[in-house]
Amino acid sequence: MSPTTVGGMRATSRSQDAVRILLIISTAAEPISSQPADPALSDAVAVLESQVLLQKLDFWVRNPDFLADELLNEYEQGGDAEFLELAGGILTSDEPEVRRYPMTRFLFGAYEPLDDALAVLRSAHLVVRRKRGSAGGRVLRHDYYLTQAGRAAADRILLDAPAFAYFVERTQLVARLAAGYRGSKLKERQYRQDEYRDAVIGDPIATIAPRVQERWRLHDQKRQTPASAA
């Protein structure tokens with residue numbers, strides 16, 4: 001995926017966004033237990049509830065430095081060396097630079113308009129968006145339904161589109177990290193980062209790669225140091 005630049009920020013194309021969003025929804029959506037009455041959802045197979053959740057998952061996919069920091073948090077909390085190795089794989093490569101697509105800080109955290117990407121998915125009947133609830137005329141939530149055709153398209157990408165292998169792997173890793181979290185909880189996790197929380201509304205959220213790389217190096221050195229030499 002060759003990046004373009006919009007307003008000084010690296011950006012992906014509409015079709016690239018559509019593929020990435022489809023992979024996120026396909027990987028993180030929950031299976032539907034009972035078929036909705038809505039005729040447009042008659043072939044829906046899974047649902048991802050809330051735009052907040054979708055935006056927060058997308059933020060980690062687009063920002064490998066923040067994702068690596070979360071992997072280090074998992075390592076510190078549980079001691080599973082796999083998370084340290086996954087973080088090292090990101091931080092010792094050029095991924096934080098060449099795979100990073102910054103997002104803008106808005107009122108509720110990282111945000112990127114998804115209407116264009118969703119229009120591509122909706123026109124092919126891969127994803128159906130539905131509004132839920134209202135308060136004073138304001139929509140409370142958007143839900144994203146994955147259709148049978150959407151699932152089949154995502155599966156074909158897994159098998160037949162090596163150019164998107166990176167995003168397949170990253171969406172799977174992000175979904176694993178976020179399992180069991182609702183959008184509001186992921187927002188809380190992301191707000192713990194100073195660069196995220198303190199970003200000026202309307203400005204891009206700055207990278208944290210240098211300090212995450214240093215954090216990883218300290219952990220890696222400690223792991224490689226024999227106990228007798230510590």
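About the thresholds
As a convention, each chain's residues are numbered from 1 in the sequence order in which they are written. With pLDDT at 70 or above as the cut-off, local features in this predicted model cover only qualifying residues; side-chain atom pairs require 80 or more to be listed or tallied, and sums for whole chains, interfaces and linings still use all residues. Side-chain metrics in this entry use all non-hydrogen atoms of the structure; hydrogen atoms and water are not considered. Aromatic pairing here means that ring centres of Phe, Tyr or Trp (its six-membered ring) are within 6.5 Å. Orientation follows from the plane angle: under 30 degrees is stacked, over 60 is edge-to-face, and everything else is tilted. The classification of residues rests on relative accessible area computed with a 1.4 Å probe and restricted to protein chains. Under 20% of the type maximum is buried, over 50% is exposed, and intermediate values are partly exposed. Think of a nonpolar core as a cluster: buried Ala, Val, Leu, Ile, Met, Phe, Trp, Tyr and Cys residues, connected wherever their side-chain atoms sit within 4.5 Å. Pairs of residues are marked as contacts when any of their non-hydrogen atoms sit within 4.5 Å. Residues with no salt bridge and a relative accessible area higher than 30% make up the patches, which join like charges within 9 Å and nonpolar side chains (Val, Leu, Ile, Met, Phe, Trp, Tyr) within 5 Å. The accessible surface values rely on the Shrake-Rupley method and a 1.4 Å probe; as for residues, cover is taken only from the protein chains in view. Criterion for a salt bridge: a side-chain nitrogen of Lys or Arg within 4 Å of a carboxyl oxygen of Asp or Glu. To qualify as a helix, a DSSP run of H or I must reach at least 4 residues; to qualify as a strand, a run of E must reach at least 2; elements of each kind are numbered from the N terminus. Helix axes use the C-alpha atoms of the stretch in contact, all axes being lines fitted to C-alpha atoms, and the angles between their N-to-C directions lie in the range 0 to 180 degrees. Angle categories: roughly parallel below 35 degrees, roughly antiparallel above 145, roughly perpendicular from 65 to 115, and oblique for all the rest. The sense of a crossing depends on the near helix, which, turned anticlockwise from the far helix by less than a right angle, makes the crossing left-handed and, turned clockwise, makes it right-handed. Charged residues are taken to be Asp, Glu, Lys and Arg, nonpolar residues to be Ala, Val, Leu, Ile, Met, Phe, Trp, Tyr, Cys and Pro, and polar residues to be all remaining types, Gly included. Here a polar contact means two N or O atoms within 3.5 Å. Within protein one must be a hydrogen donor candidate and the other an acceptor candidate, and residues neighboring in sequence count only if both atoms are side-chain atoms.

Tell me about the packing of aromatic side chains, and name the residues and values.
Applying the stated criterion to the full structure yields five aromatic pairs. Ring plane angle 65° and centroid distance 4.9 Å describe the contact between Phe 59 and Phe 66, whose orientation is recorded as edge-to-face. The class for Phe 59 is buried, based on a relative accessible area of 0%. Overall, the relative accessible area of 3% leaves Phe 66 in the buried class. Ring centres 5.1 Å apart and planes at 85° place the aromatic pair Tyr 166 and Phe 167 in the edge-to-face group.

Can you tell me about the nonpolar core, naming the residues and giving the values?
If you look at the biggest cluster of nonpolar residues, it comprises 57 residues, and the most contacted ones within it are Ile 21, Leu 22 and Trp 60. Beyond its immediate chain neighbours, meaning those up to four positions away, Ile 21 contacts Leu 54, Asp 58, Leu 114, Ala 117, Leu 118 and Leu 121. Grouped together as the second largest cluster of nonpolar side chains are five residues, Leu 41, Val 47, Val 128 and Tyr 145 included.

Requested: an account of a nonpolar patch on the surface, with residues and values cited.
Taken together, the side chains of Phe 106, Leu 107, Phe 108, Tyr 111 and Ile 201 present a nonpolar region at the surface, about 520 Å² in accessible area. Summarising the element assignment, Ile 201 is placed in the loop between helix H10 (194–197) and helix H11 (209–224). Since its relative accessible area comes to 47%, Ile 201 is described here as partly exposed.

Break down the packing of helix H1 (residues 14–28) against helix H8 (residues 165–178) for me, citing the residues and quoting the values.
Taken N-terminus to C-terminus, the directions of H1 and H8 make an angle of 40°; their axes are 9 Å apart at the nearest point. Considered as vectors, H1 and H8 are oriented oblique to each other. As H1 runs across H8, the sense of the crossing is right-handed. Residues Arg 20, Leu 23, Ile 24, Thr 27 and Ala 28 of H1 touch H8, and the partners they reach there are Phe 167, Val 168, Thr 171, Gln 172 and Ala 175. Across the contact of H1 with H8, the residue classes break down as six nonpolar, three polar and one charged.

So what about the side chain of Arg 105? Which residues, and what values?
Assignment of secondary structure puts Arg 105 in strand S5 (residues 104–106). Only 3.4 Å separates the side chain of Arg 105 from the backbone oxygen of Tyr 196, close enough to count as a polar contact. Side-chain polar atoms of Arg 105 contact the backbone oxygen of Arg 197, separated by 3.3 Å. Apart from the residues lying within four places of it in its own chain, the contact partners of Arg 105 are Tyr 191, Tyr 196, Arg 197, Ala 199, Val 200, Ile 201, Gly 202, Asp 203 and Ile 205.

Please give an account of the packing of H1 against helix H7 (residues 148–160) that cites residues and values.
At their nearest, the axes of H1 and H7 sit 10 Å apart, and the two run at 110° to each other. In this view, H1 runs roughly perpendicular relative to H7, as classed from their interaxial angle. Taking contact as the criterion, the partners of Val 19, Leu 22, Leu 23 and Ser 26 in H1 are, on H7, Gly 150, Arg 151, Ala 153, Ala 154 and Ile 157. Classifying every residue of the contact of H1 with H7 by side-chain character gives six nonpolar, two polar and one charged.

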